[in-house]
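Observations on the model geometry
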Amino acid sequence: MNYTEVLNYITEKNKLGSMPGISAIMELLKRLGSPENRVKALHIAGTNGKGSIMAYVEETLILKNLKVGRYISPAIFDYRERWQINKQYIGKEKCASLMTRIAFVVEEMIADGFRSPTSFEIETALAFLYFAEEGCDYMLIECGMGGKGDATNVIEGAVIDVLASVSLDHMQFLGNTPEVICEEKLGIVRTGGRLVSYPQTDSVKAVIDKDSEERDYKVVYPDRDELDIKSRDISGSAFSYKGTDYKINLSGDYQVLNACTAIEVLHLLSEIPESEGGLKLSDSDIQTGLEETEWQGRMTIVSREPLFVVDGAHNRDAWVRLADTLSKCFTNKRFIFIMGVLADKEYTRMLDSLCPYMKKAVTVTTVSPRALDGEKLLKEVQARGIEGEYAENCRDAVRIALSDIEETDVIIACGTLTFAGEIINIMKSERHNLILKDKVFQERLNKIEEEESTRRFCRHGIEHLVSVARIGALIASDEGLDIDRDVIYAAALLHDIGRCSEYTKDKNMSHADAGVIIAEDILHRVGYSDTEVKVILEAIKLHGEDTAPDGTLAKLLFRADKLSRNCFRCEAEPECFWDEALKNKGLLY
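These lines cover the structure that appears in this document, whether it is placed above or below.

What counts as what
- Residues numbered from 1 in each chain as written.
- Predicted model: local features only at pLDDT ≥ 70, side-chain atom pairs only at ≥ 80, totals over all residues.
- Heavy atoms only, no water.
- Helix = DSSP H or I, 4+ residues; strand = E, 2+ residues; numbered from the N terminus.
- Polar contact = N/O pair within 3.5 Å; in protein donor to acceptor, adjacent residues only side chain to side chain.
- Contact = heavy atoms within 4.5 Å.
- Axes fitted to C-alpha atoms, helices over the stretch in contact; angles between N-to-C directions.
- Parallel < 35°, antiparallel > 145°, perpendicular 65-115°, else oblique.
- Buried < 20%, exposed > 50% of the residue type's maximum accessible area, 1.4 Å probe, protein only.
- Right-handed = clockwise from strand over helix to strand, strands pointing away.
- Pairing = 2+ DSSP bridges.
- Salt bridge = Lys/Arg side-chain N within 4 Å of Asp/Glu carboxyl O.

Next up on the list: the side chain of Thr60. Considering the arrangement of structural elements, one finds Thr60 in helix 3 (residues 50-62). Polar side-chain contacts of Thr60 include one of 2.9 Å to the backbone oxygen of Tyr56. With sequence-adjacent residues up to four places away left out, Thr60 is seen in contact with Leu266, Leu281, Asp285, Ile286, Gly289 and Leu290.

Attention now goes to the environment of Asp404. Within the fold, Asp404 resides in helix 14 (residues 394-404). In sequence terms Asp404 and Lys360 are 44 residues apart; their C-alpha atoms lie 9.3 Å from each other. When sequence neighbours within four positions are dropped, the list of residues in contact with Asp404 reads Ile336, Lys359, Lys360, Glu389 and Asp409. A distance of 2.2 Å separates a polar atom in the side chain of Asp404 from a polar atom in the side chain of Lys360.

What follows covers the packing of helix 11 (residues 316-329) against helix 12 (residues 347-354). Each pair of packed helices can be summarised by the angle the axes make with each other and by the distance between the axes. In the contact formed by helix 11 and helix 12, the axes pass within 8 Å of each other and the chain directions differ by 5°. By the criterion of interaxial angle, the relationship of helix 11 to helix 12 is roughly parallel. Listed contacts from helix 12 to Arg316, Trp319, Val320, Leu322 and Ala323 of helix 11 are Arg349, Met350, Leu351, Ser353 and Leu354.

Moving on: the pairing of strand 15 (residues 358-363). Here strand 15 lies mainly inside the structure; 5 of its 6 residues are buried. For the segment spanning strand 14 (residues 334-339), helix 12 and strand 15, crossover handedness is right-handed. Direction of pairing for strand 15 relative to strand 16 (residues 387-390): parallel, over a ladder of 4 bridges. In the sheet register, Ala361 faces strand 16, and the bridge partner there is Gly388. Of the crossover connections in this fold, the one passing from strand 15 over helix 13 (residues 374-383) to the parallel strand 16 is right-handed.

Side-chain pairing between opposite charges can occur once the charged atoms of the two side chains come close. Enumeration over the complete set of coordinates arrives at 48 salt bridges. The salt bridge involving Glu133 is made with Arg101; its shortest N-O contact spans 2.7 Å. Linking Glu133 in helix 5 (residues 119-133) with Arg101 in helix 4 (residues 92-111), this pair joins segments that are 32 residues apart in sequence.

What follows concerns unusual backbone geometry. Cis rather than trans, the peptide bond between Ser73 and Pro74 has omega equal to 0°. The topology assignment puts Pro74 in the loop between strand 2 (68-71) and strand 3 (83-85). Backbone torsion omega between Glu305 and Pro306 reads 0°, so that peptide bond is classified as cis. Along the chain, Pro306 turns up in the loop between strand 12 (300-304) and strand 13 (307-310). Phi angles above zero are rare outside glycine, and Asn86 is one such case at about 50°. Within the element layout of this structure, Asn86 appears in the loop between strand 3 and strand 4 (88-89). For Met299, which is not glycine, the phi dihedral falls at a positive 45°. Following the sequence through the fold, Met299 ends up in the loop between helix 10 (283-291) and strand 12.

Following this line, the structure appears as structure tokens:
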């Protein structure tokens, strides 16, 4: 099957829902050659924080030049996000190839009288097969929901098992108290194994301690008494743990505790003999790994002016933590919330946690079949005395929030992980519009247009900038260039912004170099990543030179800039200093 057929196949298997027990996936894996036991594994269960803890561990291992597979659920940006090696999604062709092999085995199982594995069981099998065949050094495996009955619970002996924070969620499947839920999640730990646990509540910790005594496995907890948080803000925290200083880019005190849990995982990994899957790591290795960790959808800043934060908080405990983070990281701010939640969550109690911080709420019905009607959510918000508005879709919700924002406001989007992913993608496509609204951009552009109002030769106002943006996007589409349109638009809108320096006292700097300086601050403010900023600034710096390699943003910007000139209609064309070969005598784009 091809990749489109993979998506159709999984859609059909989704109709099977969840089924108790792991007998089907064990049979499937046995027929695939038991790949789950061919790679050293770190296995994690828990309610909140699984992704963040493993992100810290993953980054540290990758920085040691290891090949690290990671299986996560749910995906929030792309179906292939579930399977990653060194943070790169599985390729479409590889995904289709592995899924074809697995589907063939599934049909054999059905013919032999076994039940069909569910979509999650099939996806889990693909993860083990992929990581084994690619020769990963370690694989980081996240439970889908529970523990004992989870499809991932087929690994004979993980190097380390990890338990993230345990709280109420999926009660219809796992139990009605944190203690009962914890018992289910501890099912991933084998007798004689090793467990690192987040610092749980006393009642949950009692369950872990009792189980570890009965089944004889080692448990390690972070020591809160050894933790000193030095500073915190929306961009992250600095803290000391057991005498070593650390910095993280994820916001919230709970993320500091997640980081301490990851530190204990990495310390324990260093103590384990190499023959048993251990790996020597220094404090410096761990410090660097934590500081370089990024985890999309967890207090992700998608824009700084205006400040727009997206968080995947999707259950009661997560919303309590979000409220705590807002109270500690902000003063004299008002919050516009964009919210979409699932109907099977404790959304009334979730609202009780956040409503005290709300200036306004924009509600949406998410795309999930389990979604709560956004209009019903709006009524719950309004019943608590909060102004609200219903949006037909996420893009409308973003535009409503941006149109209502004032200088002291912050936009917070939360509700589900997939909802968070959709909002992040929408904001990525809107960043160039934030450039247009940026005060520095407007001031510099106004200066250019004012000074060039009587200029006979090519001008560098908004018409030129937009023309370059659209031509660049058309070229990229025609030639199949893998460059995001929003990145093309950003480079085009900012490529001549440095020309304002030609009309001020600072005339010694080229407009390209001046543009790099001005553009860098603007790009960071509106939410472009460090990697994107670097590429855009390089394009701005080189946009007047035909020196960049083909297929790059810099070469694309150079071409679009030249093609935007309407020489065939310009009254000053006879006097233009451009070489005749460079003049556009006809319309190409």
